[in-house]
Amino acid sequence: MPDVKHFDPEVALDQVMTLFWRRGAEVTGIAEVVQATGLSRSSLYATFGGKERLQAAALGRYLERQSRPVFDALAADTRGVPAITAFFERLVAARCTGEHARWGCLVTNTHATAGGGPPEIREILDRHHDALRTAMRAALETARAKGRLRPGLDPEAAAEALTLQAYAVNLRSRAGAEADVLLAGVRAVVGAFTLAEER
C-alpha cells in the first residue's frame, strides 16, 4: 500500500520558503528543515526530493507568491515614473521594517550564492529577473509616452539598471543599510532618467 501523506505539502513548502528566506538555503541543513516543518527526512525526500529540488520549489513559490504580484502591479500602473518611485519606496519599507525586515529577498539572496547551481534554480532566477525587468520597462514606456523621460534614453538599458538597483536594495538592506541611504541611491538613479519637472 502506498504511504499516505499526513501533512499538507503546501503548508510545508511555505515553512521551508520562510526558513530559506530568513536563514539562507546555502547555510540551512536538512536537520533544520526537519525541525521547522516537523516532518521526517523520509517524508521530505519522498514529497520534494533532495535539498536542491526543495530549494527550487521554495524559490518558485517565492516568485509566484511574493514577487510576481508586485511586478504585475508595477507593469499595470499608469503613472510612469511615480510608479517606479513608489515601487522602490515600498521595497525599501518592506526590507527595512516589518515582519521580514533585514531578510532581503529570497531570489536576490540566491543570486548571491547560486554560483553554478542546478539548472532549475538558475531558470527561476532568470524568470524573476525577466519579470522584474519587463515590469520596469513597461513603467518606463508609460513615462516616455507622457514625455517624462530624458531624450535618447534607452528604455531597455534603463529597465536593466533599475532591476539591478532593486537587487542592490535587497542585498544592502539585509546587511543593515538604513532606509534613507537606500532611498537616496534609488532617487539618484531614477533622477538620472527623468526630466526635471518629474523629480
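Everything that follows concerns the structure shown earlier in this document.
About the cut-offs
- Residues numbered from 1 in each chain as written.
- Predicted model: local features only at pLDDT ≥ 70, side-chain atom pairs only at ≥ 80, totals over all residues.
- Heavy atoms only, no water.
- Helix = DSSP H or I, 4+ residues; strand = E, 2+ residues; numbered from the N terminus.
- Buried < 20%, exposed > 50% of the residue type's maximum accessible area, 1.4 Å probe, protein only.
- Contact = heavy atoms within 4.5 Å.
- Areas by Shrake-Rupley, 256 points an atom, 1.4 Å probe, with all protein chains shown as cover.
- Lys, Arg positive; Asp, Glu negative; His and termini not counted.
- Charge placed at Lys NZ, Arg CZ, Asp CG, Glu CD.
- Salt bridge = Lys/Arg side-chain N within 4 Å of Asp/Glu carboxyl O.
- Core = buried A, V, L, I, M, F, W, Y, C linked by side-chain atoms within 4.5 Å.
- Phe/Tyr/Trp six-rings, centres within 6.5 Å; stacked < 30°, edge-to-face > 60°.
- Arc of directions from axis to C-beta.

Glancing now at the overall build of the protein. Per the secondary structure count, the protein includes nine helices and zero strands. Written out in order from the N terminus, the α and β elements of the protein read α-α-α-α-α-α-α-α-α. Relative to its full complement of 199 residues, the protein shows a buried share of 43%. Once local pairs closer than 6 in sequence are excluded, the contacts in the protein between residues at least 24 apart make up 72%. In the form shown here, the protein has an accessible surface area of approximately 9,900 Å², with 54% of it arising from carbon and sulfur atoms. Seen as two clouds, the 25 positive and the 24 negative side-chain charges of the protein have centres 2 Å apart.

The subject of this paragraph is the pattern of salt bridges. Applying the stated rule across the entire model yields 15 salt bridges. Between E64 and R127 there is a salt bridge, with the nearest N and O atoms lying 3.6 Å from each other. Taken together, the residues E64 in helix 4 (residues 51-76) and R127 in helix 7 (residues 119-145) connect sequence positions 63 residues apart. Since its relative accessible area comes to 39%, E64 is described here as partly exposed. A salt bridge links R137 to E141; the nearest nitrogen and oxygen atoms lie 2.7 Å apart. With R137 and E141 both in helix 7 and four residues apart, the pair spans about one turn of that helix. Taking the relative accessible area as the measure of exposure, R137 reaches 26% and is therefore partly exposed. Look at the salt bridges and you will find they share partners, linking D130, R133, R137, E141, R144, E156 and E160 into a network.

One finds I84, F87, F88, M136 and L162 to be the most contacted residues of the largest nonpolar core, which totals 30 residues. Counting residues per element, the ones that place at least two in this core are helix 4, helix 5 (81-96), helix 7, helix 8 (155-174) and helix 9 (179-193). The leading source of residues in this core is helix 5, at eight residues. Setting aside its immediate chain neighbours within four residues, F87 contacts V70, F71, L74, L132, M136 and A166. Among the nonpolar cores identified, the runner-up in size contains 26 residues, and L13, V33, L44 and L63 belong to it.

All right, on to the packing of aromatic side chains then. Any two aromatic rings considered together are summarised by their centre-to-centre distance and by the angle between their planes. Inspection of every chain in the model, using the stated rule, returns three aromatic pairs. On the basis of an interplanar angle of 80° and a centroid distance of 5.0 Å, the ring pair of W21 and Y62 is categorised as edge-to-face. Linking W21 in helix 1 (residues 9-23) with Y62 in helix 4, this pair joins segments that are 41 residues apart in sequence. For W21, a relative accessible area of 2% translates into the label buried. Seen in terms of ring centroids, W21 and W103 are 5.2 Å apart; in terms of plane orientation they differ by 85°. Their pairing is edge-to-face. With W21 in helix 1 and W103 in the loop between helix 5 and helix 6 (106-114), this pair connects stretches of sequence that are 82 residues apart. Aromatic rings pair up to connect W21, Y62 and W103 into one cluster.

Relative to the helices and strands, Q55 is located in helix 4. Judged by its relative accessible area of 16%, Q55 is buried. If we ignore the near neighbours within four places in the chain, the residues touching Q55 are F20, A25, T110 and I121.

Before going further, it helps to spend a moment on helix 2 (residues 30-37). Among the residues of helix 2, I30, V33 and T37 are the ones counted as buried. Viewed end-on, helix 2 has its buried residues packed into an arc of 55°, placing them on one side of the element. Residues of helix 2 that are buried in the fold lie against helix 1, helix 3 (41-48) and helix 4. Residue G38 follows helix 2 closely and has a positive phi angle near 75°.

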